[in-house]
Amino acid sequence: MNNTDHIENIVPEIETMDTSVTEKYDASQIQVLEGLEAVRKRPGMYIGSTGPRGLHHLVYEIVDNSIDEALAGFCTNIDVSVLPGDIVRVRDNGRGIPVGINEQVGLPSVTVVLTMLHAGGKFGGSGYKVSGGLHGVGSSVVNALSEWMEVEVSQDGSIYRQRFERGDAVTELDIVGKTDDSGTLITFKPDAEIFTETTAFEFDILERRLRESAFLNAGLRITLTDLRDGENAVFKEYCYEGGLSSFVEYLNQSRALTPLHENPIHFSAVRDDREAEIAMMYNDGYNEIILSYANNVNTADGGTHETGFKLALTRVFNDYGRKYNILKEADKNLSGDDVREGLTAVISVKLTEAEFEGQTKGKLGNTDITQLVSATVYDKLTTYFEENPGVARAIFSKALDAARAREAARKARDLARRKGALESNSLPGKLADCTEKSAELTELYIVEGDSAGGSAKDGRDRQYQAILPLWGKMLNVEKARLDKVIGNEKLSPVVTALGTGIDEDFSIEKIRYNKVVIMADADVDGAHIRTLLLTFFFRYMRPLIDHGHIYIAQPPLFKVSKGKRFFYAFSDEERDRYIEELGGSCDIQRYKGLGEMDAEQLWETTMDPRTRTMLRVTLEDAMEADETFSILMGDKVEPRRDFIEKNAKYVQNLDV
């Protein structure tokens, strides 16, 4: 969740823009950005953003090059270190970037790789058969966005070194020693002129990415060392001989899910220059977890390999079910959702000419990989079911339960639709709607309790702020199937008010409010309400989060007053500062509930766009969010306790 500071006025005044042009448009207006100048001018085009996500992406680009060496069969160890000052060092024992003179430009090849866009050994030469870094911009982009970078190449008995500053070479490539080893060592310091928000790396973010890379490359040893805290250095090592099978087991364990069978189902196939590997395991949960990769690049948006997997999986279940009379003649076929309930799967494909959509590589486009994955899954999973009938029965039982729940959900959805039609699509009775009809200009406050709802209704700007009070215990959707969610009396008012529908009926275009603000008490019960709502939005209305529509209101914790002067404090530190400013002796009011504020106080502290503070809910890492919701909202107590103990030191505003 990212702090949006003081949110802008939702109904800004219209300003007149001067669109006149005073200069002529001729050849002198055309700019040519040379070398890496374009990267520094528009860094977001190359690394996504100049915030924390882009900062960490720098490390990934360098590590991915080392992993490409591992894919080629020349690297077994990759060591990543974060040094004091947030300097990153990445060392591998691969072949080392070539140091010979490149005939095209007359410079050492390592210099070319680090200073020129689209220069590399991955464009069809024999250096790499499989590679994730197909654009040839990774290392040079990191160089361009670093205050300085140093490269050391161990090759042919010598150690070569060169230094760069903001993308430009400031030394020649010199021989600085002798060695019997081979490999590349790159050290860089991100440029604070580019990463103005922060240049501090988060250990947990790097750890997740490097652990994932180790899972995807069975036997590859990756280490991560954090040396920023002097004596309290942190060292982690990742090496998994089980590869994808170990990955699937880890995903289930990290989410406290109970597997339905003892060992993961694992199979692979190689055809020509393409390879497909899949590991899968069913658990007792209701959600599916499918992670897909192409040449070790996480394809978060799926693609042709995921399509082939899903199609084949559904066909296997229905064909096997009909063959062995698990599905009767009168039964409908199982749907894709039915056969994927409780599934954890990792799909990894490797191919020579991977086609990704954009530099972010979020989706695989190679159509020929669909048939390979589909045929592999169909043939080998069918054989597995026939050789393991006990496992097949357990999985089919869950799929059939899911099908029955889906049918119940369909009936509940139809009933809700008919009810809505009979009531002329009326809005929830407790909703106090706004008068503005344009969704872009409106806000919906979901408020805990009738008392706070009353204050919010009286204090709001009714032109663009709508209020929906909720009361009673809300359903924990992490422990329920869709049929229990649809029509739930505590959740249906939210669905109806938003207008988007849920599940297969969801449409972001139908949203009735631009900002959906969760406004709950600053106590344990309020935190629970927020968590239940966020779980619901994440599982059944996730595009609301993806598109930035969900916010969390930040009501003050204290009112500090003396005489006619008063301040609202949002933290203990702020409270103490105001006490000191007012002279030390004080009337301090602790707000434990929104209902303790009158309409005017609630408006000026929490709802007025000129003074309020809100948190926008964002997804930096969907995989981590999925894991967190599973642990905190699932059935297992022990993992939840472990999570709380591990993260207790980060708690703020503890209500005791």
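Scroll up for the structure.
In this convention, every chain numbers its residues from 1, walking through the sequence in written order. Reporting of local features is limited, given that this is a predicted model, to residues whose pLDDT is at least 70; pairs of side-chain atoms are given and counted only at 80 or more, and all residues count toward the totals for whole chains, interfaces and linings. Think of the side-chain values as coming from all heavy atoms in the structure, minus any hydrogens and water.

Draft legend 1. Examining the packing of aromatic side chains more closely. Under the pairing criterion, centres of Phe, Tyr and Trp rings, with the six-membered ring standing for Trp, must be within 6.5 Å; the plane angle then separates stacked pairs below 30 degrees from edge-to-face pairs above 60, leaving the rest tilted. Across all of its chains, the model carries 17 aromatic pairs by this definition. For the pair F317 and F385, a centre-to-centre distance of 5.5 Å together with 85° between the ring planes defines the contact as edge-to-face. Here the residue F317 occupies a position in helix α8 (residues 304-323), and F385 occupies one in helix α10 (residues 368-387), the gap between them amounting to 68 residues. Summary of the burial criterion: residues with accessible area below 20% of their type's maximum are buried, those above 50% are exposed, and those between are partly exposed, where the area comes from a 1.4 Å probe applied to protein chains only. F317 sits in the buried class, given a relative accessible area of 0%. An aromatic cluster of at least three residues, connected via ring pairs, comprises Y282, F317, Y320, Y324, Y384, F385 and F396. Any Lys NZ or Arg CZ found within 6 Å of a ring centre and within 35 degrees of that ring's normal is scored as a charge over the ring. Above the plane of the ring of F566 lies K559, whose end atom (NZ or CZ) is 4.6 Å from the centre. The positively charged end of R577 is found above the aromatic ring belonging to Y578, 5.6 Å away from the centroid. Where helices and strands are cited, they refer to DSSP runs of H or I of at least four residues and of E of at least two residues respectively, numbered from the N terminus.

Draft legend 2. Focus on the sheet that holds strand β22 (residues 558-562). Pairing in this open sheet of three strands is antiparallel, and the strands run β23-β22-β24 from one edge to the other. Because the sheet does not close on itself, it has two edges, and the strands there are β23 (565-569) and β24 (587-590). Averaged over all neighbouring strand pairs, the angle between strand axes comes to 15°, with direction disregarded. Only strands that DSSP links by at least two bridges are regarded as paired with each other. Two elements, β22 and β24, share four bridges in a ladder whose sense is antiparallel. Across the sheet, the residue bridging to K559 is Q589, located in β24. For helices, the fitted axis covers only the stretch in contact; all axes are lines through C-alpha atoms, and the angles between them, taken along N-to-C directions, range from 0 to 180 degrees.

Draft legend 3. Summary view of the sheet that holds strand β15 (residues 289-294). Across the sheet, five strands lie side by side as β13-β14-β17-β15-β16; this open sheet has mixed pairing. In the strand order of this sheet, the two ends are held by β13 (265-271) and β16 (297-298), each with one partner. Contacts are assigned to residue pairs that have any heavy atoms within 4.5 Å of one another. Across the sheet, α8 is in contact with β14 (274-282), β15 and β17 (343-351); its angle to β17 comes to roughly 130°. Against the sheet, α10 engages β13, β14 and β17, with an angle of about 135° to β13.

Draft legend 4. Spatial organisation of the pattern of salt bridges. A carboxyl oxygen of Asp or Glu within 4 Å of a side-chain nitrogen of Lys or Arg is what we treat as a salt bridge. Following the criterion strictly, the structure yields 36 salt bridges and no others. For E237, the salt bridge goes to R221, with nearest N and O atoms at 3.4 Å. Of this pair, E237 sits in strand β12 (residues 234-238) while R221 sits in strand β11 (residues 221-226), and the two are 16 residues apart along the sequence. A residue is classified by how much of its surface remains accessible, and E237, at 47% relative accessible area, is partly exposed. For R221, a relative accessible area of 25% puts it in the partly exposed group. Ionic pairing is found between D572 and R575, a salt bridge with its closest N-O pair at 3.8 Å. On the criterion of helical spacing, the pair formed by D572 and R575 is a turn pair, its members being three residues apart in helix α17 (residues 572-581). Sharing partners across several salt bridges, the network here consists of R40, R166, D191 and E193.

Draft legend 5. Representation of unusual backbone geometry in the model. The backbone of D86 shows a phi angle near 55°, a positive value even though the residue is not glycine. On the basis of relative accessible area, D86 is assigned to the buried category, the value being 14%. Of note in the backbone geometry, D272 takes a positive phi value of approximately 55° without being a glycine. Its place among the elements puts D272 in the loop between β13 and β14. Of the residues examined, D272 reaches a relative accessible area of 65% and is grouped as exposed.

Draft legend 6. Layout of the side chain of S246. With respect to the helices, strands and loops of the structure, S246 is situated in helix α7 (residues 244-254). Look at S246 and you get buried, because its relative accessible area is 18%. Every residue in contact with S246, bar those within four places of it in the chain, is listed here: F215 and Y240.

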